[in-house]
Amino acid sequence: MPATPNSSLKDSRTRLNSEFGQSTSPPAKPYLRGRFAPSPSGPLHFGSLVAAVGSYLIAKFYGAEWQVRIEDIDPPREIEGAADTILRQLEAFGLHWDGPIVYQSESIPRFHEILEELKRKDLLYACDCTRKKISKLSDDGRYPNICQNKKLSFDGEVAWKLRHGEGSYHFYDHIQGDCEFDSSLYQEDFTVKRKDGLMAYQLAVVVDDIDAGIDHVVRGIDLLDSTPRQLRLYEVLDKPAPLWYHLPLAINQDGNKLSKQNHAEAIDSQHPSQQLHQAIAFLGQKPPVSLRNEPPEIIIDWAIEHFSLESIPQQQQIPYFD
Ligand code: GLU
């Protein structure tokens, strides 16, 4: 995933007044199920709370279910106990999920099945390049599809790459507007199974979203660059893509995304009301100050009732200092 959010987005954003651009009208297409999909690499911080609250409010405003999926398929990055901490934090903040919690690791056999299907269709190839080799051969950091015709064996320490498609994978985002990217992004074959044998995020997220019937994806704008790749996966799997909503990111004093990697402070489950109020305000909603000390459920109910999609800022990054 890119270090800088949205690095190759062409500046073509316009917030279209489409059927979804109006906050007051329900979606023209059914909205059955949204989701929040945290990786258990640490407790939730303010940045991930914004993604949780944003996906919750949009789903609930349109009367949809909200699923929680723990993306636990990258053991080296996981912290013991983090999944449980995240679930307790969500409960403390009044974000109650529908249906059972989904643990992505349980889908690993399914991911293998899909990989075999793609392999049979000759959509995959093996690549043994090191990061060093790729950065030497590429000016923009993109993988130059070097192993495309080498017919390397899929066994051993190799990454599995998906061949790029012919489309431009331009899409409409219900917060960011029209999103178009540089052709270099579309023409890069990307990893679906990592060299270390682990599943790549792109494959896992799309297969799980399809299988769970997720029809609206709401998440941070740092994943905007991944969307064209995910559209390519929906195309090869012959499934309709969900509708997309990419939320602004909270950044710290140094201009970096709040993240577990740069030690953003965990949200405080003992005193949720104020940070919940702040997260709702961060999303451009205007909760009255008098709500700040109310229980989380009261704040959430107010936010669903007064929700305005068009008030969510189109800005990619918003400073948040506590
Ligand atoms: N697991 C991803 C993360 O924590 C989010 C995946 C997604 O929302 O598509 O950044």
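Residues numbered from 1 in each chain as written. Predicted model: local features only at pLDDT ≥ 70, side-chain atom pairs only at ≥ 80, totals over all residues. Heavy atoms only, no water.

The next point concerns helix H6 (residues 201-211). Buried residues dominate H6, accounting for nine of its 11 residues. Among the residues of H6, those classed as buried are Tyr-201, Gln-202, Leu-203, Ala-204, Val-205, Val-206, Val-207, Asp-208 and Asp-209. For H6, the elements touching its buried residues are strand E1 (33-36), strand E2 (65-70), helix H3 (108-120), strand E8 (190-193), strand E9 (216-220) and helix H7 (226-236). Of the residues flanking the end of H6, it is Gly-213, one or two places downstream, whose phi is positive at about 70°. (Buried < 20%, exposed > 50% of the residue type's maximum accessible area, 1.4 Å probe, protein only. Helix = DSSP H or I, 4+ residues; strand = E, 2+ residues; numbered from the N terminus. Contact = heavy atoms within 4.5 Å.)

This paragraph deals with the sheet that holds strand E4 (residues 124-127). In space, the three strands of this open sheet follow the order E4-E5-E8, with antiparallel pairing throughout. Edge strands, defined here as strands with exactly one partner in the open sheet, are E4 and E8. In this sheet, adjacent strand axes meet at a mean angle of 45° when their direction is disregarded. When E4 meets strand E5 (residues 159-162), the two strands line up antiparallel, connected through four bridges. When the bridges of E5 are listed, Leu-124 appears paired with Leu-162. H3 contacts E4, E5 and E8 of the sheet and is inclined by roughly 60° relative to E5. (Pairing = 2+ DSSP bridges. Axes fitted to C-alpha atoms, helices over the stretch in contact; angles between N-to-C directions.)

With that settled, the discussion passes to the packing of aromatic side chains. Scanning the entire structure with this criterion turns up 12 aromatic pairs. Ring plane angle 5° and centroid distance 3.7 Å describe the contact between Phe-46 and Tyr-320, whose orientation is recorded as stacked. Of this pair, Phe-46 sits in helix H1 (residues 46-61) while Tyr-320 sits in the segment after strand E12 (317-319), placing them 274 residues apart in sequence. Tyr-320 matches Phe-46 in its accessibility class, with the two residues each being buried. Considering the side-chain rings of Phe-171 and Phe-181, the 6.0 Å spacing of their centres and the 20° angle between planes classify their relative orientation as stacked. (Phe/Tyr/Trp six-rings, centres within 6.5 Å; stacked < 30°, edge-to-face > 60°.)

The next point concerns the UniProt feature "short sequence motif: 'HIGH' region" (unreviewed entry) in the protein. According to UniProt, the "short sequence motif: 'HIGH' region" (unreviewed entry) feature falls on residues 38-48. Helix makes up 27% of residues 38-48 and strand 0%, whereas the separation of the span's terminal C-alpha atoms amounts to 8 Å. (UniProt positions renumbered as here; feature names shortened; annotations may be inferred.)

Turning our eyes to something else, we now look at the site of the ligand. All residues adjacent to the ligand are Arg-35, Ala-37, Pro-38, Ser-39, Glu-71, Tyr-201, Val-205, Arg-219 and Leu-223. The side chain of Glu-71 places a nitrogen or oxygen atom 2.6 Å from a nitrogen atom of the ligand. A distance of 2.8 Å separates an oxygen atom of the ligand from a polar atom in the side chain of Tyr-201. Burial of the ligand by the protein chains amounts to 80% of its free accessible area of 300 Å². Within the shell around the ligand, the residues separate by chemical class into five nonpolar, one polar and three charged. (Near = heavy atom within 4 Å. Polar contact = N/O pair within 3.5 Å; in protein donor to acceptor, adjacent residues only side chain to side chain. Areas by Shrake-Rupley, 256 points an atom, 1.4 Å probe, with all protein chains shown as cover. Nonpolar A, V, L, I, M, F, W, Y, C, P; charged D, E, K, R; others polar.)

Turning our eyes to something else, we now look at the pattern of salt bridges. As enumerated under the stated definition, the model contains 19 salt bridges in all. Two residues, Asp-74 and Arg-194, come together in a salt bridge whose shortest N-O distance is 3.2 Å. One end of the pair, Asp-74, is in the loop between E2 and helix H2 (82-92); the other, Arg-194, is in the loop between E8 and H6, with 120 residues separating them in the sequence. The class for Asp-74 is buried, based on a relative accessible area of 14%. In this structure, the salt-bridge partner of Asp-122 is Arg-163, at a minimum N-O distance of 3.5 Å. In this pair, Asp-122 is assigned in the loop between H3 and E4 and Arg-163 in the loop between E5 and strand E6 (171-173), connecting sequence segments 41 residues apart. Salt bridges here are not isolated pairs; linked through shared partners, they connect Arg-35, Arg-69, Glu-71, Asp-208 and Asp-209. (Salt bridge = Lys/Arg side-chain N within 4 Å of Asp/Glu carboxyl O.)

Right, let's get into the sheet that holds strand E3 (residues 102-103). Judged by pairing direction, the sheet is parallel, and its three strands sit side by side in the order E1-E2-E3 without closing on themselves. In this open sheet, the two strands that pair with only one neighbour each are E1 and E3. Pairing of E1 with E2 involves four bridges; the strand directions are parallel. Bridge pairing links Arg-33 to Glu-65 in E2. Of the strands in this sheet, E1 and E2 touch H1, which is tilted by about 150° from E2. Here H2 sits on the sheet and contacts E1, E2 and E3; the angle it forms with E2, its principal contact strand, is near 155°.

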